[in-house]
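# Summary of structural features
Residues per chain are reported as follows:
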Amino acid sequence: MAWTSDSKSAMYYQGQEAPGSTEVAEPVANFLKWLYHFIEKNEIYHVETMYEDGFYKISEFYYKDRPWPAPEEVQSIVEEKDAGSIFMILYRELYYRHIYAKLKPTLNHRFESFSNYCELFSYLLGADEPVQIELPNKWLWDIIDEFVYQFQSFQQFRSKGTKMSEEEKGMLQDEENSWKVTAVLNILMQLTEKSNINDQLRALEAGEPITEEVAGEFGIKPVYAMTGFFSLVGLLRLYCLLGDYHMALSCIKHVQFKDKDMMALVPACQITANYYAGFAYFMIRKYANTIQLYQHILGYMQRTKQFFQNRSFQAEDINKKNDQMLALLAIANTFCPLRLDESVNIQIKEKQGEKVNRLQHDRDMTVYDDLFFSGCPKFLSPVVSENPTPFGTSGPRGLQLQVFKAEVEQQRLIPTLRSFLKLYTSIPISKLAKFLDMNENEVRCCLMAFKHKKEIARGDNVDQTTLDIDFYVDKDMIHISDTKIARHYGDYYVQQVLKLKESNKLILGSALSRPGPQQSV
């Protein structure tokens, strides 16, 4: 058998007359047979094309509001005798993922999907020697990402105990080991250990090549190495959802957030990793690290915007992450003012301009709540309680908001204090106390808090000169040094040159398309 463009056209476009039929359309059957063939033959290039293009096109046309064919039916179509074969496991993963994306999963769907994930990961982890299958990086990432998402969805469903029927409560008791947080964490950790991914990342960090001695028998295989790496990002996300930010960051301590890093092979992974790492830094008050990560990834998303817009199934999630990061970046830059890229500044003004003005001029504390809720993920409870709301009526999200509001309260006077200090090179504490309508001891406490918060906000590996002000107190006198660096004009000139080139192209194109004057004979 050979894969040709004619085969591809036939698969996508023939038989479109019956997208709503209960029978499996011929193009769908052809697609499944070809996918089975390429997975069996380990032809990864064709598997990648069919997964990234064919699966979503067929889903959109034939199964927009209904599930894909049942696994038993597909097993008959591809003539696979073993229901536990890797193809059937992978098909069931796609089948349940589609139900989560387009329909409303039942409790049985949730349990069956978890069981299928256990089969898939057992296939990788239980083998005595590396499995021979190869899968596209995008599919491997989607498996880990969907695994964490379905866990998140199950926990949110379970937290609504009062809205469940007695039958559903009974099913939950019977399947109490499904989707347990310890089971999910354990699976992701085993995948990272099997691949020796941390040893591989340490070697890359040191500029050393990845050999079998470093990666091990399993980790040297791409399917294990990439699954292990994506599991690190899955752990980062999961710990952030559970509110353990230090543990979240420890999972990625060897990950290099660069365009040429392993995560850059899958843009969705790169965006997810940057979002959750930035949020973890945000919650432990290392705002400079948050700003550094978000500036980088927002610039990347702006450059590759057209790539995602052409993939409608990704565009919505990417746009949501973009808006979340802009909201968090607006807060972080209020607490730790740094010079932002012009393109990022423009995005903040477009999306959150009014709220930023209220923060800077009106000191409206309620805006912090709005921006935090706009930017934070949907937190989860790490425990299952008989009480449907173990954290009170607001749930785990409200608990994280309380932690954040405590920080806002501590930062409340710092912007005002900063604005006064920037006006002077030295100022007596007594004079500053009059400006702030406080006594001198309160001003000293406020200065200590400012210094402390500024040191924490500076974060790791961030150029200290980028912070806008520094000071020290000598007896009753405050001495201020303006550390604001000179504006970089290079970016501005590059942008203007590019605009000029575009204008020249338009003018030249207009001149060429205009008919010239008729010449006299």
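Residues numbered from 1 in each chain as written. Predicted model: local features only at pLDDT ≥ 70, side-chain atom pairs only at ≥ 80, totals over all residues. Heavy atoms only, no water.

## A word on the overall build of the chain
Along the chain, the regular secondary structure elements total 24 helices and 3 strands. The proportion of buried residues among the 521 residues of the chain is 47%. Here the analysis covers contacts within the chain between residues at least 6 apart in sequence; of these, 71% occur between residues at least 24 apart. Per element, the accessible surface of the chain, about 27200 Å² overall, is 50% carbon and sulfur. (Helix = DSSP H or I, 4+ residues; strand = E, 2+ residues; numbered from the N terminus. Buried < 20%, exposed > 50% of the residue type's maximum accessible area, 1.4 Å probe, protein only. Contact = heavy atoms within 4.5 Å. Areas by Shrake-Rupley, 256 points an atom, 1.4 Å probe, with all protein chains shown as cover.)

## Considering the nonpolar core
In globular proteins that are soluble, nonpolar side chains generally tend to be buried together. Among the nonpolar cores identified, the biggest contains 138 residues, and Trp68, Phe229, Tyr294 and Phe372 are the most heavily contacted of them. For this core, the leading source of residues is helix 12 (residues 222-242), giving 14 residues. Setting aside residues no more than four positions away along its own chain, Phe229 makes contact with Ile197, Leu201, Val255, Asp261, Met262, Met263 and Cys269. Counting 17 residues, the second largest nonpolar core, distinct from the first, contains Ile429, Ala433, Cys446 and Ile469. (Core = buried A, V, L, I, M, F, W, Y, C linked by side-chain atoms within 4.5 Å.)

## Regarding the packing of aromatic side chains
This model, assessed by the stated rule, comprises 41 aromatic pairs. With a centroid separation of 4.9 Å and 55 degrees between ring planes, the pair formed by Phe114 and Trp179 is classed as tilted. Taken together, the residues span a long stretch of sequence, with Phe114 in helix 6 (residues 107-125) and Trp179 in the loop between helix 8 (166-174) and helix 9 (181-195) at a distance of 65 residues. The same class applies to Phe114 and to Trp179, which are both buried. With 6.3 Å between their ring centres and 35 degrees between their planes, Phe279 and Phe372 make a pair best called tilted. Taken together, the residues span a long stretch of sequence, with Phe279 in helix 14 (residues 267-283) and Phe372 in helix 19 (residues 366-375) at a distance of 93 residues. When its relative accessible area of 0% is taken as the criterion, Phe279 is described as buried. Given the relative accessible area of 0%, Phe372 is considered buried. Counting every residue linked through ring pairs, the aromatic cluster contains Phe31, Tyr51, Phe55, Tyr56, Phe61, Tyr62, Tyr63, Trp68, Tyr91, Tyr95, Tyr96 and Trp139. For the cation-ring pair, Lys194 lies above Phe218, with the distance from its terminal atom to the ring centre recorded as 4.1 Å. (Phe/Tyr/Trp six-rings, centres within 6.5 Å; stacked < 30°, edge-to-face > 60°. Lys NZ or Arg CZ within 6 Å of the ring centre and 35° of its normal.)

## Here's the deal with the packing of helix 2 (residues 26-40) against helix 3 (residues 44-62)
It is at 11 Å that the axes of helix 2 and helix 3 come closest, and there the two elements cross at 160 degrees. In terms of orientation, helix 2 lies roughly antiparallel with respect to helix 3. Considering how the two elements wind past one another, helix 2 and helix 3 form a crossing that is left-handed. Along the contact surface, helix 2 presents Pro27, Val28, Phe31, Trp34, Leu35, Phe38 and Ile39, while helix 3 presents His46, Val47, Met50, Gly54, Phe55, Ile58 and Tyr62. Looking at side-chain class alone, the contact of helix 2 with helix 3 contains 12 nonpolar, 2 polar and no charged residues. (Axes fitted to C-alpha atoms, helices over the stretch in contact; angles between N-to-C directions. Parallel < 35°, antiparallel > 145°, perpendicular 65-115°, else oblique. Left-handed = near helix turned anticlockwise from the far one by under 90°. Nonpolar A, V, L, I, M, F, W, Y, C, P; charged D, E, K, R; others polar.)

## As for helix 21 (residues 414-421)
Every buried residue of helix 21 is listed here: Ile414, Pro415, Leu417, Arg418 and Leu421. The buried side chains of helix 21 occupy one side of the element, clustering within an arc of 160 degrees when seen end-on. (Arc of directions from axis to C-beta.)

## Section: unusual backbone geometry
If you check the backbone angles, Asn196 has positive phi at about 50 degrees while not being a glycine. Relative to the assigned elements, Asn196 resides in the loop between helix 9 and helix 10 (197-205). Even without being glycine, Arg285 reaches a positive phi, approximately 70 degrees. By the element assignment, Arg285 lies in the loop between helix 14 and helix 15 (287-303).

## Some details on the environment of Ile284
Mapped onto the elements, Ile284 comes out in the loop between helix 14 and helix 15. You can call Ile284 buried: its relative accessible area is 13%. Residues Ile284 and His246 lie 38 residues apart in sequence; the distance between their C-alpha atoms is 7.8 Å.

## Some details on a negative patch on the surface
Judged by side-chain charge, Asp128, Glu129, Glu212, Glu213 and Glu217 come together as a negatively charged surface patch. You can see Glu129 is positioned in the loop between helix 6 and helix 7 (137-159). On the accessibility criterion, Glu129 (55% relative accessible area) is exposed. (Patch = residues over 30% accessible without salt bridge, like charges linked within 9 Å, V, L, I, M, F, W, Y side chains within 5 Å. Salt bridge = Lys/Arg side-chain N within 4 Å of Asp/Glu carboxyl O. Lys, Arg positive; Asp, Glu negative; His and termini not counted. Charge placed at Lys NZ, Arg CZ, Asp CG, Glu CD.)

## Points about helix 14
Its 17 residues give helix 14 an end-to-end C-alpha distance of 24 Å, which sits within 8% of 24 Å, the value for a rise of 1.5 Å per residue. In terms of burial, helix 14 is a largely internal element, 17 of the 17 residues being buried. Looking one or two places after helix 14, you find Arg285, whose phi comes out positive at around 70 degrees. (Expected span 1.5 Å × (residues − 1).)

## Comments concerning the state of the cysteines
Applying the stated rule across the entire model yields 0 disulfides. In this structure Cys240 is not part of a disulfide, and its nearest cysteine sulfur, from Cys251, lies 9.2 Å away. Its relative accessible area of 0% is what places Cys240 among the buried residues. (Disulfide = S-S within 2.5 Å.)

## What to know about a nonpolar patch on the surface
A surface patch of nonpolar side chains, amounting to about 210 Å² of accessible area, comprises Leu204, Ile210 and Ile220. Among the secondary structure elements, Ile220 is positioned in the loop between helix 11 (212-219) and helix 12. Of the residues examined, Ile220 reaches a relative accessible area of 34% and is grouped as partly exposed.

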